[in-house]
Amino acid sequence: TGQGVAWASGASGTVLRSEDNGYMWQQCKAPADSGRLDFRGIWAWGADRAIILSSGEGDASRLYKTMDGGAHWRLLFTNPDATGFWDAIAFLNDKDGVLLGDPVNGKFVIFRTRDAGEHWSRDDSAELAADPGGEGAFAASNSALAASVAAGEVYFGTGGADGSRIFRSHAGHWSTFRLPWLHRGETAGVFSV
């Protein structure tokens, strides 16, 4: 996040923070009842304010927010889709953010916020249709989703048995690009954007 501050998250409700360019790390207090959650994404605006994303089926996908450097966490949003699985979170600025989830009912799940994560609304664009051959995103290190602040664009990468794509949102409209991967399969594709 700059000024020597770095955050990290991981399995079993782990959240870490450094204020000296990663030389020393402190374990933050985990959100209540999060010991079984895997925090696969984190977005921070500095030493005090951050959002963590847990990945898992249904209500195991959650967002928590801290305003005091991880001393206290507040549950912001729980996955409303029983079969959903969240992959990544990114922000374009202090207020506007995007959350990516694997397909539910044939479409990739995108939620957007315009108030720093306090409220989320689903993007139901038809262009978010997933390939029926098992296309998905990868919930590894919060890097399947990226936001270009300067261009006001959002990107996410996918993989699956029928190949890989890049999804791009510009001015609220989605477009997709098929990638020329040589390897195909459930675990092949774009891991990071």
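Residues numbered from 1 in each chain as written. Predicted model: local features only at pLDDT ≥ 70, side-chain atom pairs only at ≥ 80, totals over all residues. Heavy atoms only, no water.

Caption draft 1: Molecular detail of unusual backbone geometry. Although it is not a glycine, Asn-105 sits at a positive phi angle of roughly 55 degrees. Inspection of the secondary structure puts Asn-105 in the loop between strand 9 (97-104) and strand 10 (107-113). Looking at Asn-105, the relative accessible area reads 80%, which means it is exposed. The phi torsion at Ala-171 lies on the positive side, around 55 degrees, for a residue other than glycine. Summarising the element assignment, Ala-171 is placed in the loop between strand 14 (164-170) and strand 15 (173-179). (Helix = DSSP H or I, 4+ residues; strand = E, 2+ residues; numbered from the N terminus. Buried < 20%, exposed > 50% of the residue type's maximum accessible area, 1.4 Å probe, protein only.)

Caption draft 2: Fine view of the environment of Phe-108. The residue Phe-108 is located in strand 10 in this model. Expressed as a C-alpha distance, the spacing of Phe-108 and Pro-180, which sit 72 residues apart in the sequence, is 21 Å. If near-sequence neighbours (up to four positions away) are discounted, Phe-108 is found in contact with Leu-100, Gly-101, Asp-102, Pro-103, Leu-128, Ala-130, Glu-135, Gly-136, Ala-137, Phe-156, Thr-158 and Phe-167. (Contact = heavy atoms within 4.5 Å.)

Caption draft 3: Looking closely at the packing of aromatic side chains. Taken as a whole and judged by the stated rule, the model has 14 aromatic pairs. With 6.3 Å between their ring centres and 80 degrees between their planes, Trp-7 and Trp-73 make a pair best called edge-to-face. Of this pair, Trp-7 sits in strand 1 (residues 6-9) while Trp-73 sits in the loop between strand 6 (62-66) and strand 7 (74-78); the two residues are 66 residues apart in sequence, bridging distant segments of the chain. We note that Trp-7, like Trp-73, is buried. (Phe/Tyr/Trp six-rings, centres within 6.5 Å; stacked < 30°, edge-to-face > 60°.)

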